[in-house]
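Summary of the model geometry
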Amino acid sequence: MSDVRAGCIHPEINYAERCSATVPEKNIIYFTINAPDIQGEPELEIKPTEISFFAKAGDPSKGVPERQYQFDLKLYDEIIPEETKKLQTSRAIVLVLRKKEARSEYWPRLTKEKPNRNWVKTDFSKWVDEDEQDEAADDAGDMGDMMGGMGGMPGMGGMPGMGGMGGMGGMPGMGGMGGMGGMPGMEGLGGMGGMGGMDFAKMMEQMGGAGALGGMGGPGGPSFDDDEGEDEAEGEGEAEAGAAETAAAGDAKLEDVE
């Protein structure tokens, strides 16, 4: 596949590395061929020092123009072709290439030519510095990690995290009743405020203070204000009757003396 076909263009290549002098399987290259809507099976040839690719792509029914992708890329050093892992999606072909020699440092570049081609770029979504590899996830070419950093499908934005439901405020004037905690996973439902329109402090003042409640501990208890008023009226009536009887007795004594 060394001959360049007419009308072909280079797909963008993204790559990132891992290396280890003691663990051979960690010496890998993430190699992503960005060629969306490939028609059929692409022609992909992987050799120890070269990768060749050709594919027709596009879908006129979806408004994606047809095009042809091709490249022949000579690698900086050798790989082991039979240990290559491959994953093809509607957007790209992702390869994990196994470097032949275990080293404690990265290749100076991906290609034999210096510098890399302008359509070969670093994959910053997977790249880590050599001295930070231990802190990175121990993927070692895991197929699930190959999809990391590729972004969502076109037109399908990520679903934002759903935050917790705000707590319900406590009822004013009633000590000890704390707000109800939020329900996790429900964003956007604001906290439910306290029960408005019920000011118990003012109600107690209007009812004569907390003492008038007689220890009932809350609204709804019986009020003794009316009974006390009736008792006072009865007491006043009895006092008036007693005074009348005394006056009558005095009059009787005066008549006897006369």
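These notes cover the structure that comes with them. Values in this document were obtained by computation on a predicted structure and should not be read as measured data.

As a further point, take the sheet that holds strand β3 (residues 28-34). What the five strands build is an open sheet, ordered β7-β8-β3-β2-β9; its pairing is mixed. Of all the strands in the sheet, just β7 (85-88) and β9 (120-122) have a single pairing partner and so form its edges. Adjacent strand axes in the sheet meet at a mean angle of 20°, parallel and antiparallel pairs treated alike. In terms of strand pairing, strand β2 (residues 12-18) meets β3 through seven bridges, oriented antiparallel. Note that in β3 the partner of Y15 across the bridge is F31.

A few words on the side chain of D72. Here D72 lies in strand β6 (residues 64-74). Summary of buried charges: D72 has no salt-bridge partner, and the nearest side chain of opposite charge, K47, is 7.7 Å away. Of the polar contacts made by the side chain of D72, one reaches the side chain of S52; its length is 2.8 Å.

Further remarks concern a negative patch on the surface. On the surface, E105, D129, E130, D131, E132, D134 and E135 cluster together into a negatively charged patch. Summarising the element assignment, E132 is placed in the loop between β9 and α1 (143-146).

A few words now on the pairing of β2. The element β2 is largely enclosed, with a buried count of six among its seven residues. Two elements, β2 and β9, share three bridges in a ladder whose sense is parallel. Its bridge partner lying in β9, Y15 is registered against T122.

The rules behind each value
Residues numbered from 1 in each chain as written. Predicted model: local features only at pLDDT ≥ 70, side-chain atom pairs only at ≥ 80, totals over all residues. Heavy atoms only, no water. Pairing = 2+ DSSP bridges. Helix = DSSP H or I, 4+ residues; strand = E, 2+ residues; numbered from the N terminus. Axes fitted to C-alpha atoms, helices over the stretch in contact; angles between N-to-C directions. Buried < 20%, exposed > 50% of the residue type's maximum accessible area, 1.4 Å probe, protein only. Lys, Arg positive; Asp, Glu negative; His and termini not counted. Salt bridge = Lys/Arg side-chain N within 4 Å of Asp/Glu carboxyl O. Polar contact = N/O pair within 3.5 Å; in protein donor to acceptor, adjacent residues only side chain to side chain. Patch = residues over 30% accessible without salt bridge, like charges linked within 9 Å, V, L, I, M, F, W, Y side chains within 5 Å. Areas by Shrake-Rupley, 256 points an atom, 1.4 Å probe, with all protein chains shown as cover. Charge placed at Lys NZ, Arg CZ, Asp CG, Glu CD.

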